[in-house]
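# Structure at a glance
What follows is each chain in one-letter form.
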Amino acid sequence: MDSTSLKGWLGIQAPKLAELSSSREEGYPLALFYRHYLFYKDSYLIHLFHTFTGLSIAYYNFGNQLYHSLLCVVLQFLILRLMGRTITAVLATFCFQMAYLLAGYYHTATGNYDIKWTMPHCVLTLKLIGLAIDYYDGGKDQKSLSSEQQKYAIRHVPSLLEVAGFSYFYGAFLVGPQFSVNHYMKLVQGQLTDLPGKIPNSTLPALRRLSLGLIYLVGYTLLSQYITEDYLLTDDYENHSFWFRCLYMLVWGKVVLYKYVACWLVTEGVCILTGLGFHGLDELGRAKWDTCANMKVWLFETDPRFTGTIASFNINTNAWVARYFFKRLKFLGNKQLSQGLSLLFLSLWHGLHSGYLVCFQMEFLIVIVERQAASLIQDSPALSSLASIRVLQPLYYLVQQTIHWLFMGYSMTAFCLFTWDKWLKVYKSVYFLGHVFFLSLLFILPYVRKAMVPRKEKLKKME
């Protein structure tokens, strides 16, 4: 959850992270039981198993507050049945589910992060909104839908048990990932296996993701004892030199994201073990298990671009926003406006704190500037030749990565400190470096482009 996302892991200290990760690891015994005793059993038994285990996880973590999710699931089922495949049902779903989530944020919000029922509820909110939209698409003429919409459109009428099983599936209830009802039904029907007629041969792929997740968990647990967001607010941090403050922000920004990485990798292993992660066979006939992947670890660790981090991070939530929000705003006729509104939606989905809004505002600004800079280098013969000098490639990479992680940490500062008085104090200590740097580039780059891109290249671009 959240670019995307995952409010429940932001601000969690190491002991709480380990506690909740152990709750995620409980999914592995449940997945093993499902594989060996339920994989090809009747659908209603599988739905009951997923519903009961999901509710048990909710009760274990949040006690009687599980009624929040149960109420929203039952009401969502009634919306689908009573309003049918109508735009009214979609709007009612969006307004009700988002209003319930935001009301939960309002009544539980503090200046710090605590694990509350709203953590899994933000995941559930997206699930139920996606369910309503897919059900609506299922009533349309198939020719009027895009190929993607055809893939996710729900043709049958879901039962309450199907909606509950989909909502409470133990492998994704707490922190995601997002997946469609159609994909869930393939799991229930025993279709998600690389060995037709047998349980999936997914144990080793699942253990690899679990092992990688535990490595990140151990790394975060060790590093977070010395590198914390709390230090950003201390007088000691403010009294250090400007360059020390920037360097600390850079390192902290990298470390804090390991919370997400650890969580999603452990969760992905559960989904792979059940078969939910099955994504067909590649051209060589090898099984792919990346349907529920929320992380592309190698891309995340090596790509020096902000867009590379976005493409590798919280993948399924980003895909959900693109599919159900960004692309549905095509009627606006303005891609940047659609992108801005999508990021505003993500900000509200994470919570009501001002830090979320500032973080996503920075993401919007950084992506625009990065694309402008990349286009300038590509279209300018002088800059393109300079960028292609092989001996300078390591230097370019080092500079890019430094800028990348410095301003990633700058953006995450607002996200993790939540309230305006905290993130404003830190931003003042570094003289609003991120805003100054990228707003200056946004203003300057068009003039640089005018000076360095030949007119014939501009005309060719226009053609």
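Thresholds applied
Residues numbered from 1 in each chain as written. Predicted model: local features only at pLDDT ≥ 70, side-chain atom pairs only at ≥ 80, totals over all residues. Heavy atoms only, no water. UniProt positions renumbered as here; feature names shortened; annotations may be inferred. Helix = DSSP H or I, 4+ residues; strand = E, 2+ residues; numbered from the N terminus. Rg over C-alpha atoms; globule rule 2.2 N^0.38 Å. Buried < 20%, exposed > 50% of the residue type's maximum accessible area, 1.4 Å probe, protein only. Areas by Shrake-Rupley, 256 points an atom, 1.4 Å probe, with all protein chains shown as cover. Axes fitted to C-alpha atoms, helices over the stretch in contact; angles between N-to-C directions. Parallel < 35°, antiparallel > 145°, perpendicular 65-115°, else oblique. Contact = heavy atoms within 4.5 Å. Nonpolar A, V, L, I, M, F, W, Y, C, P; charged D, E, K, R; others polar. Core = buried A, V, L, I, M, F, W, Y, C linked by side-chain atoms within 4.5 Å. Phe/Tyr/Trp six-rings, centres within 6.5 Å; stacked < 30°, edge-to-face > 60°. Lys NZ or Arg CZ within 6 Å of the ring centre and 35° of its normal. Salt bridge = Lys/Arg side-chain N within 4 Å of Asp/Glu carboxyl O.

The protein is annotated in an unreviewed UniProt entry as Lysophospholipid acyltransferase 5 from Eschrichtius robustus. The UniProt entry for the protein carries this comment under Subcellular location (unreviewed entry): "Endoplasmic reticulum membrane". Check the Sequence similarities (unreviewed entry) section of the UniProt entry for the protein; it says "Belongs to the membrane-bound acyltransferase family."

## Overview of the overall build of the protein
Helices and strands together make up the secondary structure of the protein, namely 23 helices and 0 strands. On C-alpha atoms alone, the protein measures out to a radius of gyration of 23 Å, which is about the 23 Å that the 2.2 N^0.38 rule sets for 463 residues. Once the C-alpha set of the protein is aligned to its principal axes, its extents read approximately 65 × 55 × 45 Å. Buried positions account for 53% of the 463 residues belonging to the protein. For the protein, the computed accessible surface area is about 21,200 Å², with 65% contributed by carbon and sulfur atoms.

## Quick look at the packing of helix α2 (residues 27–37) against helix α3 (residues 43–62)
Between α2 and α3, the least distance of the axes is 12 Å, while the angle of their chain directions is 170°. Taken together, the axes of α2 and α3 lie roughly antiparallel to each other. For the pair formed by α2 and α3, the contact residues are L30, F33 and Y34 on the first element and I46, F49, H50, T53 and I57 on the second. Looking at side-chain class alone, the contact of α2 with α3 contains 6 nonpolar, 2 polar and no charged residues.

## Brief notes about the environment of R305
For R305, the position within the fold is in the loop between α14 (297–302) and α15 (306–312). Residues R305 and Q400, 95 residues apart in the sequence, show an inter-C-alpha distance of 7.1 Å. When sequence neighbours within four positions are dropped, the list of residues in contact with R305 reads E370, Q400 and H404.

## Some thoughts on the side chain of S429
For S429, the position within the fold is in helix α21 (residues 420–429). Judged by its relative accessible area of 6%, S429 falls in the buried class. Among residues more than four places away in sequence, those in contact with S429 are Y237, E238, F242 and R245.

## Some points on the UniProt feature "transmembrane region" (unreviewed entry) in the protein
Per the UniProt annotation, the sites labelled "transmembrane region" (unreviewed entry) are residues 66–82, 89–106, 210–227, 257–278, 395–420 and 426–448. Across residues 66–82, helical content stands at 94% and strand content at 0%; the span's end C-alpha atoms are separated by 25 Å.

## Section: the environment of H107
Within the secondary structure, H107 is located in helix α5 (residues 87–108). For the pair H107 and F438, spaced 331 residues apart in sequence, the C-alpha to C-alpha distance is 36 Å.

## Comments concerning the nonpolar core
Core analysis: the biggest nonpolar cluster contains 125 residues, and L257 and M412 have the highest contact counts within it. A per-element tally of this core places helix α13 (residues 258–274) first, with 12 residues. Among residues more than four places away in sequence, those in contact with L257 are F300, F313, W405, M408 and M412.

## A few points about the packing of aromatic side chains
Summed over all chains, the structure comprises 42 aromatic pairs. Centroid distance Y260 to W264: 5.3 Å. Interplanar angle 40°. Geometry classified as tilted. With Y260 and W264 both in helix α13 and 4 residues apart, this pair spans about one turn of that helix. A single burial state applies to Y260 and to W264, both of which are buried. Put simply, the rings of F33, Y37, F49, F166, F169, Y170, F179 and Y184 pair up and form one aromatic cluster. One residue, K254, lies across the ring of F300, its end atom 4.7 Å from the ring centre.

## Regarding the pattern of salt bridges
If you walk through the whole model with that rule in mind, you get 9 salt bridges. For the salt bridge of K140 with D137, the shortest nitrogen-to-oxygen distance reads 3.8 Å. R328 serves as the salt-bridge partner of D137, at 2.8 Å between the closest nitrogen and oxygen. Separated by 191 residues along the polypeptide, D137 in helix α6 (residues 118–137) and R328 in the loop between α16 (315–326) and α17 (335–350) bring together distant segments of the chain. Assessed through its relative accessible area of 25%, R328 is described here as partly exposed.

## Looking at unusual backbone geometry
With an omega dihedral of 10°, the bond running from G176 to P177 counts as a cis peptide bond. For P177, the location among the structural elements is in the loop between α8 (160–168) and α9 (181–188). For F432, which is not glycine, the phi dihedral falls at a positive 50°. By secondary structure assignment, the location of F432 is in the loop between α21 and α22 (433–452). According to the relative accessible area criterion, F432 is partly exposed, its value standing at 28%.

## Points about the environment of Y170
Within the fold, Y170 resides in the loop between α8 and α9. Sequence-wise, Y170 and K151 are 19 residues apart; in three dimensions their C-alpha atoms are separated by 24 Å.

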